[in-house]
Amino acid sequence: MADGPLIVQSDRTVLLEVAHPDAESARHELAIFAELERAPEHIHTYRITRLGLWNARAAGHTAEDMLGTLDRWTRFPVPPSVAIDIRETVGRYGRLVIERDTVAGSDEPALVLRSTDAAVLAEVTKNKRIQPLLVGHPSPDTYVIDAWARGQIKQELLKIGWPAEDFAGYTPGTPHPIDLAEQDWHLRPYQRQAVDAFTDGGSGVVVLPCGAGKTLVGAGAMADTKTTTLILVTNTVSARQWRDELLKRTSLTPEEIGEYSGQAKEVKPVTIATYQILTAKRKGQYAHLALLDALDWGLIVYDEVHLLPAPVFKLTADLQARRRLGLTATLVREDGREGDVFSLIGPKRFDAPWKEIESQGFISPAACYEVRVDLPAGERLEYAAAADDERYRLAATAPAKIGVVKDLVARHAGEQTLVIGQYLDQIDEIARALGAPQITGATPVDEREELYRGFREGQIPVLVVSKVANFSVDLPEASVAIQVSGSFGSRQEEAQRLGRLLRPKQSGNTASFYTLIARDTVDQDFAQNRQRFLAEQGYSYTILDADKLAA
């Protein structure tokens, strides 16, 4: 405890001294159950939340493990109120369980809510939002849950602070033979641990950095369950990359894998569908809802689960009898619906710190830079006079950034470089200035794949892309990314964009991630929020002055 890097405060915040020699070790252990709130240069502030503690408990960490982390690294004794609060909060997880059991008057096993704590059971069953979901009370410690309400009752229990462990089991689905084709490769140790943790838990989320092989974790889960599988992905390009990877890494053949998207409507033992097609409406109704029951799916995989559209949560509430695997680089959701991921997809089953996987050589090391760009006097006046809702766009798309992009591309001549932006007119202008091809949402899928292939093979050294390249795009040789604008203060987007660079490079070089910021504007304010998640993972940003880059 002497002179550690942490200070634990009675309001459940934890301060981390960044310059302390043990800061990295403490950060990795703390991030298991605490969320980074603020990350200025010298002192980072974490907050211990209920959901963070319950996710950690579901992943196998006990209250004593978490308190051990605090005791090991704290400079001053942990306040007794915090220690008691952690023990009591973690102790709430699992006091209620959902099971299947035979009850009087029914031949079929029913869905039941149980607890050995009579007071807790009495408290939750009196709740006005939970009472309508219960249809029987056959014994003092048991209530019967309406058959359709398995997902909804978990949501409601979480909201009132009593998360239930779900032991009600899963439909096996239609058996289908799937094996990993590991002749010349093997799952990495952390991938195998992730698969085993998911298989043991039945449903839940695996958190791994971009480039760490989340698709292979999905393939491993499919090989373990050996059942018909529905895979939900962010876009058609991602669907085709999943298909290619499954053909390469498993015993599946092209005839066994179907694509269900805007371009094709195939239903096969393994079907890959996009979130967009699942949420498409016709005359006010979800037009493709039948896909969820097209086969007796035994496993549903949610790729990039942090991007799950809100309507899919509602649909997922009805899929609780099927095994569900969420894959993501971050549990952060900008809409604050992390609790719904916990309740409906499942709790966190496994995660591995980014820096830990980097140290093992499985993802590339990366250096992050914030390049501050001064606005010329005319643009600065235009920004100052603009309405609040226009200021971010003016700052983010400042023409002064284009010259900086050209300087950075020249500095990294010979390296595969992505330039990433949010605004289409800015992307168009930068592509013209660099003489480089561009990919946006309007680029046809076949053309996108052709440009990505050219970039992967080194024929295209610089590619200018919109947010369509944030997710599930495999560009392993990208070693430089220049972010000119983004979705305001989105932490998940910052993580995804850095993730484009983390796939291991044949060269072994350190990747470079640049964020261009208009100095003294809201662009700079939003950047601080965007960087919070990466700071939590151990990445720091070096501040550069744009005027000195070309020097």
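The structure under discussion appears in the preceding block.
Structure report, in brief.

Some thoughts on the overall build of the chain
Across its full length, the chain carries 21 helices and 25 strands. At 25 Å, the chain has a C-alpha radius of gyration in line with the 24 Å of a compact globule built from 551 residues. Overall size of the chain, expressed as C-alpha extent along the three principal axes, is 80 × 60 × 50 Å. Taken over 551 residues, the chain has a buried fraction of 55%. In the chain, 73% of the contacts between residues at least 6 apart in sequence involve partners at least 24 apart. Counting every atom, the chain has about 22600 Å² of accessible surface; 50% of that belongs to carbon and sulfur. Across the chain, the mean location of the 62 positive side-chain charges is 3 Å away from that of the 76 negative side-chain charges.

Section: helix α1 (residues 23-30)
Taken residue by residue, α1 has Ala 23, Ala 26, Arg 27 and Leu 30 as its buried positions. Down the axis of α1, the smallest arc covering the buried residues is 100°, so these residues share one side.

Structural notes on the pairing of strand β19 (residues 366-373)
Taking burial as the measure, the eight residues of β19 include six buried ones, the bulk of the element. One ladder, built from eight bridges, connects β19 with strand β24 (residues 511-518); its direction is parallel. In the sheet register, Val 373 faces β24, and the bridge partner there is Ala 518. Pairing between β19 and strand β25 (residues 541-545): five bridges, direction parallel. Within the sheet, the bridge partner assigned to Val 371 lies in β25 and is Leu 544.

Concerning the environment of Arg 150
Its place among the elements puts Arg 150 in helix α6 (residues 150-159). For the pair Arg 150 and Leu 133, spaced 17 residues apart in sequence, the C-alpha separation works out to 8.8 Å. With sequence-adjacent residues up to four places away left out, Arg 150 is seen in contact with Arg 100, Leu 111, Asp 166, Ala 168, Gly 169, Tyr 170, Gln 320 and Ala 321. Looking at Arg 150, its side chain comes within polar contact range of the main-chain oxygen of Gly 169, at 2.9 Å.

Side note on the sheet that holds strand β8 (residues 142-145)
In sheet architecture, strand pairing relies on hydrogen bonds along the backbone and comes in two forms, parallel and antiparallel. Taken in spatial order, the five strands of this open sheet run β7-β8-β6-β5-β9, and their pairing is mixed. The open sheet has two edge strands, β7 (134-139) and β9 (164-166), and neither has a second partner. Pairs of neighbouring strands in the sheet enclose a mean axial angle of 35°, with direction left out of account. Two strands pair when backbone bridges link them, and strand β5 (residues 96-101) and strand β6 (residues 110-114) are joined in this way by five bridges, in the antiparallel orientation. Directly across from Val 97, in β6, lies its bridge partner Arg 114. Relative to the sheet, α6 contacts β5, β6, β7, β8 and β9, its axis offset from that of β5 by approximately 165°.

Describing the nonpolar core
In this structure, Leu 208, Ile 231 and Leu 246 are the most contacted members of the largest nonpolar core, which totals 34 residues. Of all the secondary structure elements, the ones that give two or more residues to this core are α7 (189-201), α8 (214-225), β11 (229-233), α9 (236-249), β13 (270-274), β16 (299-302) and β17 (323-328). For this core, the leading source of residues is α8, giving six residues. Leaving out residues up to four positions away in the same chain, Leu 208 has contacts with Tyr 190, Lys 214, Val 217, Thr 328, Ala 329, Phe 350, Ala 352 and Ile 357.

Remarks on the side chain of Lys 214
In this fold, Lys 214 is placed in helix α8. One buried charged side chain, Lys 214, makes no salt bridge at all; its nearest oppositely charged neighbour is Glu 304, positioned 5.3 Å away. A distance of 3.4 Å separates a polar atom in the side chain of Lys 214 from the backbone oxygen of Leu 208. Setting aside chain neighbours within four positions, we find Lys 214 in contact with Leu 208, Pro 209, Leu 327, Thr 328 and Ala 329.

What to know about the sheet that holds β16
The seven strands lie next to each other as β12-β13-β11-β16-β17-β10-β18, forming an open sheet whose pairing is parallel. Looking at the sheet topology across the chains shown, the edges are occupied by β12 (257-260) and β18 (348-351). When the angles between neighbouring strand axes are averaged without regard to direction, this sheet yields 20°. Two strands pair when backbone bridges link them, and β12 and β13 are joined in this way by four bridges, in the parallel orientation.

So, the packing of aromatic side chains
As enumerated under the stated definition, the model contains three aromatic pairs in all. Aromatic pair Tyr 93 and Phe 342: ring centres 6.3 Å apart, planes at 70°, arrangement edge-to-face. Taken together, the positions of Tyr 93 in the loop between α4 (80-92) and β5 and Phe 342 in helix α12 (residues 338-345) put the pair 249 residues apart, joining distant regions of the chain. Phe 342 carries the same exposure label as Tyr 93, and that label is buried. The residue whose ring lies beneath Arg 92 is Trp 162, and the NZ or CZ to ring-centre distance is 4.0 Å. Lys 265 extends its terminal NZ or CZ atom over the ring of Tyr 260, reaching a point 6.0 Å from the ring centre.

Notes on the environment of Ile 357
Here Ile 357 is to be found in helix α13 (residues 354-359). For Ile 357, a relative accessible area of 1% translates into the label buried. A sequence separation of 215 residues divides Ile 357 from Thr 142, and the C-alpha atoms of the two residues are 44 Å apart. Residue contacts for Ile 357: discarding those within four places in its chain leaves Tyr 190, Leu 208, Pro 209, Ala 212, Ala 352, Phe 362 and Ile 363.

A look at the pairing of β6
Within β6, five of the five residues are buried, leaving the element largely enclosed by the surrounding structure. Of the two faces of β6, the one lined by Ala 110, Val 112 and Arg 114 and the one lined by Leu 111 and Leu 113 are each fully buried. Direction of pairing for β6 relative to β8: antiparallel, over a ladder of three bridges. Along β8, the bridge assignment pairs Leu 113 with Tyr 143.

Description of the packing of α7 against α8
Relative to each other, α7 and α8 sit at 45°, their axes nearing to 9 Å. Overall, the two elements α7 and α8 adopt an arrangement that is oblique. Crossing of α7 against α8: the hand is right-handed. Contacts between α7 and α8 pair Gln 191, Arg 192, Ala 194, Val 195, Asp 196, Phe 198 and Thr 199 from the former with Leu 216, Val 217, Gly 220, Ala 221 and Asp 224 from the latter. Classifying every residue of the contact of α7 with α8 gives six nonpolar, three polar and three charged.

Analysis parameters
Residues numbered from 1 in each chain as written. Predicted model: local features only at pLDDT ≥ 70, side-chain atom pairs only at ≥ 80, totals over all residues. Heavy atoms only, no water. Helix = DSSP H or I, 4+ residues; strand = E, 2+ residues; numbered from the N terminus. Rg over C-alpha atoms; globule rule 2.2 N^0.38 Å. Buried < 20%, exposed > 50% of the residue type's maximum accessible area, 1.4 Å probe, protein only. Contact = heavy atoms within 4.5 Å. Areas by Shrake-Rupley, 256 points an atom, 1.4 Å probe, with all protein chains shown as cover. Lys, Arg positive; Asp, Glu negative; His and termini not counted. Charge placed at Lys NZ, Arg CZ, Asp CG, Glu CD. Arc of directions from axis to C-beta. Pairing = 2+ DSSP bridges. Polar contact = N/O pair within 3.5 Å; in protein donor to acceptor, adjacent residues only side chain to side chain. Axes fitted to C-alpha atoms, helices over the stretch in contact; angles between N-to-C directions. Core = buried A, V, L, I, M, F, W, Y, C linked by side-chain atoms within 4.5 Å. Salt bridge = Lys/Arg side-chain N within 4 Å of Asp/Glu carboxyl O. Phe/Tyr/Trp six-rings, centres within 6.5 Å; stacked < 30°, edge-to-face > 60°. Lys NZ or Arg CZ within 6 Å of the ring centre and 35° of its normal. Parallel < 35°, antiparallel > 145°, perpendicular 65-115°, else oblique. Left-handed = near helix turned anticlockwise from the far one by under 90°. Nonpolar A, V, L, I, M, F, W, Y, C, P; charged D, E, K, R; others polar.

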